[in-house]
Amino acid sequence: MAIQVNLTLLLAKRRMSAQELARRVGITQANLSILKTGKAKAIRFSTLDAICRVLDCQPGDILEYREEENP
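The paragraphs below set out a description of the structure included in this document. (Residues numbered from 1 in each chain as written. Predicted model: local features only at pLDDT ≥ 70, side-chain atom pairs only at ≥ 80, totals over all residues. Heavy atoms only, no water.)

**Some remarks on the nonpolar core**
Then comes step 1: Of all hydrophobic cores here, the largest spans 18 residues; its most connected members are L7, L21, I51, L55 and I62.
Then comes step 2: Every element with two or more residues in this core is listed here: α1 (7–14), α2 (18–25), α3 (29–36) and α4 (45–55).
Then comes step 3: Among the elements that line this core, the one with the most residues is α4, at six residues.
Then comes step 4: Those residues within four positions of I51 in sequence are excluded, and the remaining contacts are L7, V25, L35, I43 and I62. (Core = buried A, V, L, I, M, F, W, Y, C linked by side-chain atoms within 4.5 Å. Buried < 20%, exposed > 50% of the residue type's maximum accessible area, 1.4 Å probe, protein only. Helix = DSSP H or I, 4+ residues; strand = E, 2+ residues; numbered from the N terminus. Contact = heavy atoms within 4.5 Å.)

**Observations regarding the layout of surface pockets**
Then comes step 1: The volume enclosed by the largest pocket comes to roughly 170 Å³.
Then comes step 2: Lining the largest pocket, in full, are I27, N31, L32, I34, L35, A40, A42, I43, R44 and T47.
Then comes step 3: In terms of residues, the lining of the largest pocket owes the most to one element, α3, which gives four residues.
Then comes step 4: Among the residues forming the lining of the largest pocket, the class breakdown is seven nonpolar, two polar and one charged. (1 Å grid on protein atoms, 1.4 Å probe; cavity = no way out; pocket = protein on both sides within 12 Å on 5 of 7 lines; lining within 4 Å. Points joined across faces, edges and corners; volume = space filled by probe spheres on them. Nonpolar A, V, L, I, M, F, W, Y, C, P; charged D, E, K, R; others polar.)

If you want it as structure tokens, here you go:
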């Protein structure tokens, strides 16, 4: 998929665990893991809003478009 999720990098920069982020955002660790690994097919704006609020970032810091080499 051409959309990359940079949550692992942001969590490392903020020195926050995925467990802490999931708790503060109000989602399950399983759902956060699916999002972190790029396996999610969608994300709710309310979830994206909560993640941005907790990590003090912009949506573009989390989601990045990279053109696929072999589409």
